[in-house]
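Examining the three-dimensional arrangement
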2 protein chains.
Amino acid sequence: MNSDKAYDFIRERILSGEYPPGHALMTNVLSSAIGVSRTPVRDALRQLEADGLVIIRPRLGASVKTMDLKEFRELCGLRVALEGYAAGLAAQHRTDADLHEITFALESLKSLTERFIAAAEEQPIRGELAQEDVRFHIAIMTAARNDLIKREILRLHLLNRVVSGPAPKNREPAPPDFKASRHPHLSEVQAEHEQIYEAIKRRDVSAAEDAMEKHLQSIVENSLRTMARAENRLIAKELTKEELNYTT
Amino acid sequence: MNSDKAYDFIRERILSGEYPPGHALMTNVLSSAIGVSRTPVRDALRQLEADGLVIIRPRLGASVKTMDLKEFRELCGLRVALEGYAAGLAAQHRTDADLHEITFALESLKSLTERFIAAAEEQPIRGELAQEDVRFHIAIMTAARNDLIKREILRLHLLNRVVSGPAPKNREPAPPDFKASRHPHLSEVQAEHEQIYEAIKRRDVSAAEDAMEKHLQSIVENSLRTMARAENRLIAKELTKEELNYTT
DNA sequence: AGCAGCGCACTTGTATACAAATTTTGCAAG
DNA sequence: CTTGCAAAATTTGTATACAAGTGCGCTGCT
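For clarity, every value in this text was computed on a predicted model and none was experimentally measured.

**Overview of the overall build of chain A**
Looking only at helices and strands, chain A features nine helices and three strands. When the elements of chain A are put in sequence order from the N terminus, they spell out α-β-α-α-β-β-α-α-α-α-α-α. Within the span of chain A, comprising 248 residues, buried residues form 45% of the whole. Carbon and sulfur atoms make up 53% of the accessible area of chain A, which amounts to about 13,400 Å² in all.

**Some points on the relation of the copies chain B and chain A**
Overlaying chain B on chain A yields an RMSD of 0.1 Å, the required transformation being a rotation through 180° with an accompanying axial translation of 0.0 Å. The transformation just described matches what one would write down for a two-fold rotation axis. The C-alpha atom lying nearest the rotation axis in chain B is that of Ala50 of chain B; the distance is 2.5 Å. Looking at chain B, 100% of its interface residues are interface residues in chain A too, so the copies touch through the same face.

**Overview of the protein's contact with DNA strand D**
Within the structure, DNA strand D sits among 19 residues, and Asn2 and Ser37 of chain A together with Thr27, Arg38 and Arg42 of chain B are positioned closest to it. Between DNA strand D and Thr27 of chain B there is a distance of 2.7 Å, counted from a phosphate oxygen to a side-chain nitrogen or oxygen. In this structure, Arg59 of chain B approaches DNA strand D through a side-chain N or O atom, which is 3.0 Å from a base oxygen. Only helix 1 (2-16) and helix 3 (38-51) of chain A together with helix 2 (27-34) and helix 3 (38-51) of chain B provide two or more residues apiece to the surface near DNA strand D.

**What to know about the pairing of strand 3 (residues 61-64) of chain A**
Residues and elements named next belong to chain A. Alignment of strand 1 (residues 24-25) against strand 3, held across two bridges, turns out to be antiparallel. Bridge assignment links Leu25 to a residue of strand 3, and that residue is Ala62. Judged from the four bridges that link them, strand 2 (residues 54-57) and strand 3 form a sheet pairing that is antiparallel. Each bridged residue has a counterpart across the sheet, and for Arg57 the counterpart in strand 3 is Gly61. What sits between the antiparallel neighbours strand 2 and strand 3 is a turn of three residues, in which Arg59 has the positive phi angle 70°.

**Description of the environment of Ile34 of chain A**
Residue and element names in this part refer to chain A. With respect to the secondary-structure elements, Ile34 resides in helix 2 (residues 27-34). Measuring from C-alpha to C-alpha, the distance between Ile34 and Asn2 comes to 9.5 Å, with 32 residues separating the pair along the chain. Beyond its immediate sequence surroundings of up to four residues, Ile34 is in contact with Lys5, Ala6, Phe9, Ile10 and Val41.

**Re the interface of chain B and chain A**
Of the residues lining the interface, 25 residues belong to chain B; the matching set on chain A comes to 25 residues. Between chain B and chain A the total buried area reaches about 2,200 Å² when both faces are included, carbon and sulfur atoms providing 60% of it. Among the residues of chain B in contact with chain A, Arg46, Glu74 and Leu148 of chain B are the three that bury the most area, contributing 25% of the side total. Our count for the chain B to chain A interface comes out at four salt bridges. Close ionic contact of Arg42 of chain A with Asp43 of chain B constitutes a salt bridge, the shortest N to O distance being 3.2 Å.

**Some thoughts on the protein's contact with DNA strand C**
Neighbouring DNA strand C are 19 residues, the closest being Thr27, Arg38 and Arg42 of chain A together with Asn2 and Ser37 of chain B. Considering the 4 Å shell around the protein, atoms of DNA strand C inside it are sugar or phosphate in 65% of instances. Thr27 of chain A is positioned such that a nitrogen or oxygen atom in its side chain is 2.8 Å from a phosphate oxygen of DNA strand C. Asn28 of chain A places a side-chain nitrogen or oxygen 2.9 Å from a phosphate oxygen of DNA strand C. Sorting the residues of the surface near DNA strand C by element identifies helix 2 and helix 3 of chain A together with helix 1 (2-16) and helix 3 of chain B as the ones contributing at least two each. Of the residues forming the surface near DNA strand C, the biggest block, three residues, is contributed by helix 3 of chain B. Tallied by class, the residues present in the surface near DNA strand C amount to seven nonpolar, seven polar and five charged.

**Let's talk about a nonpolar patch on the surface**
All names here are of chain A. On the surface, Val134, Ile138 and Leu154 cluster together into a nonpolar patch covering about 180 Å² of accessible area. Within the fold, Leu154 resides in helix 7 (residues 147-164). Overall, Leu154 belongs to the partly exposed group, its relative accessible area being 30%.

**Observations concerning the sheet that holds strand 3 of chain A**
Residues and elements named next belong to chain A. The sheet built from three strands is open, its strands ordered 1-3-2 with antiparallel pairing. Every interior strand has two partners, whereas the edge strands, strand 1 and strand 2, have only one. Across the sheet, helix 3 is in contact with strand 1, strand 2 and strand 3; its angle to strand 2 comes to roughly 115°.

**A closer look at the packing of aromatic side chains**
All chains considered together, the criterion is met by zero aromatic pairs over all chains. Arg13 of chain A extends its terminal NZ or CZ atom over the ring of Phe9 of chain A, reaching a point 3.7 Å from the ring centre.

**Notes on the confidence of the model for chain A**
All names here are of chain A. Per-residue confidence for chain A gives a mean pLDDT of 86, with 83% of residues at or over 70. A low-confidence stretch, residues 169-180 (pLDDT under 50), is modelled with five contacts involving residues beyond four sequence positions or located in other chains. Low pLDDT (under 50) marks residues 242-248, which in the prediction has zero contacts with non-local residues, meaning those over four places away or in another chain.

**Topic: helix 7 (residues 147-164) of chain B**
Between its first and last C-alpha atoms helix 7 of chain B spans 25 Å; for 18 residues at 1.5 Å apiece the expected length is 26 Å, and the two agree. Three or more residues of helix 7 of chain B are buried, namely Leu148, Ile149, Glu152, Ile153, Leu156, His157, Leu159, Asn160, Val162 and Val163 of chain B.

**Some details on helix 5 (residues 96-118) of chain B**
One full turn of an α-helix is made of 3.6 residues, so residues set three or four places apart face in the same direction. Its 23 residues place the ends of helix 5 of chain B 33 Å apart at the C-alpha level, agreeing with the 33 Å of an ideal helix rising 1.5 Å per residue. N-cap assignment for helix 5 of chain B: the residue whose side-chain oxygen lies 3.3 Å from the backbone N of Ala97 of chain B is Thr95 of chain B.

**Structural notes on the sheet that holds strand 1 (residues 24-25) of chain B**
The strand order across the open sheet formed by three strands is 1-3-2 (chain B), and the pairing between neighbours is antiparallel. Strands with a single pairing partner mark the edges of an open sheet, and in this sheet they are strand 1 and strand 2 (54-57) of chain B.

Rules and cut-offs
- Residues numbered from 1 in each chain as written.
- Chains lettered and ligands numbered in written order.
- Predicted model: local features only at pLDDT ≥ 70, side-chain atom pairs only at ≥ 80, totals over all residues.
- Heavy atoms only, no water.
- Helix = DSSP H or I, 4+ residues; strand = E, 2+ residues; numbered from the N terminus.
- Buried < 20%, exposed > 50% of the residue type's maximum accessible area, 1.4 Å probe, protein only.
- Areas by Shrake-Rupley, 256 points an atom, 1.4 Å probe, with all protein chains shown as cover.
- Least-squares fit on C-alpha atoms with pLDDT ≥ 70 in both.
- Contact = heavy atoms within 4.5 Å.
- Near = heavy atom within 4 Å.
- Polar contact = N/O pair within 3.5 Å; in protein donor to acceptor, adjacent residues only side chain to side chain.
- Pairing = 2+ DSSP bridges.
- Buried area = accessible area lost by both parts, 1.4 Å probe.
- Salt bridge = Lys/Arg side-chain N within 4 Å of Asp/Glu carboxyl O.
- Nonpolar A, V, L, I, M, F, W, Y, C, P; charged D, E, K, R; others polar.
- Patch = residues over 30% accessible without salt bridge, like charges linked within 9 Å, V, L, I, M, F, W, Y side chains within 5 Å.
- Axes fitted to C-alpha atoms, helices over the stretch in contact; angles between N-to-C directions.
- Phe/Tyr/Trp six-rings, centres within 6.5 Å; stacked < 30°, edge-to-face > 60°.
- Lys NZ or Arg CZ within 6 Å of the ring centre and 35° of its normal.
- pLDDT = per-residue confidence, 0-100.
- Expected span 1.5 Å × (residues − 1).

Written as structure tokens, this is what we have:
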């Protein structure tokens, strides 16, 4: 269906960062870019709004969703609630096959983490690491045997990725204290992964919930820091812009 | 905006039970009923799909969402996760004003419950009771200070209401053992409400979570029973229909 | 030079027209 | 009387045309 074509087209660009948060999505531009009329584009935008990736304001048009710190924190809260509960469910319902899948993702994560810490060139591994991380989380959600929760969590993951950063490409090459501050965090994260795994393995519901919640809290703190930095930088930028007005 | 008019129109009928689960929603019928063209109707249907109230299958049209037992259980799981977490948040963040609001709803519930048990005529009170119940829950969600979670929970409540029953009007006037079986449940529910309230009052996070989860579990069990009955009755109905074919 | 007000271009929202697809109806054969 | 098939009738999805609202720039004034 043409409407789906438009949906995929726009969604891809949002997820890849080509359309960053705040980017205006005008129906006629999109329709000529995709090669369909405005009707299926409007349809696609409504679906993307349902995903939370796009916001449509009447008469003002659609744009890629942006979030302030407050909303982002709330989003993280939602994730904690859902993923924590799902981890508990996984501990209850997991089969051996599920456990095997989780183990596999965990091992990949482990080796990637070690390679990442040792590597000089960070960027190529960073992507793989993120991918394995979602694989790990998805394996757990699958083991929880609740498709509704799984879909919802996936949705939140995507939304989180989109709003939390203008994609990794826009990052400075090597901030001075970045490496030092990030790597202890990484091994900590890996330890948390293993605790979650252990709890699910021995079918300990509340331990699984707690471990997952703690894990997300620590991830969230990190995200919030980088997000706060980004917001500060934005404000700084605006100030300098105003200063430019003053100096002219 | 006309699209909103269509949205409200359809939504109201779904929530009131006039369009029961499974009811086909055809764009031309709706458009002439509402007095707008098919375009805003399609738009409205997409929004309702985002709410989960409508399902659109390509080329097959839209219909009011139906759920089988499995999906319903999953929905309830979602509610447990979200409302449990939100109760914990409420215990953390509640102000005295929040508590006052909750108290008010709780008191209304208490007196209504007592009147309900004593009353001969059940139906008029039943509606008030349900309304006060959501008021109680909403007061807690408000105290949790997380609008995203609050909106999500409200969405789930509505969805739950729509799929769980073909509206109260379609219920038998007075099933014989219904009153006996329902009233202990009701006072039990009221006791659970009070436990939730107490936990939030004394800012006991995990007690609030546990109480809310237990409360929902008991509600859910009840819903599942009635839902299973409904499904059985449906199957029975279909069988008799087939039997009719045999007898003719 | 700065600012107010007006008008134009652009964009959204809605209606209508048309093509594709699905369901239903009618008909004929077993 | 049932079953299978074909064609008509709905119904969806898409394109296009048009009305209405928004924002921007331009001109003219102070």
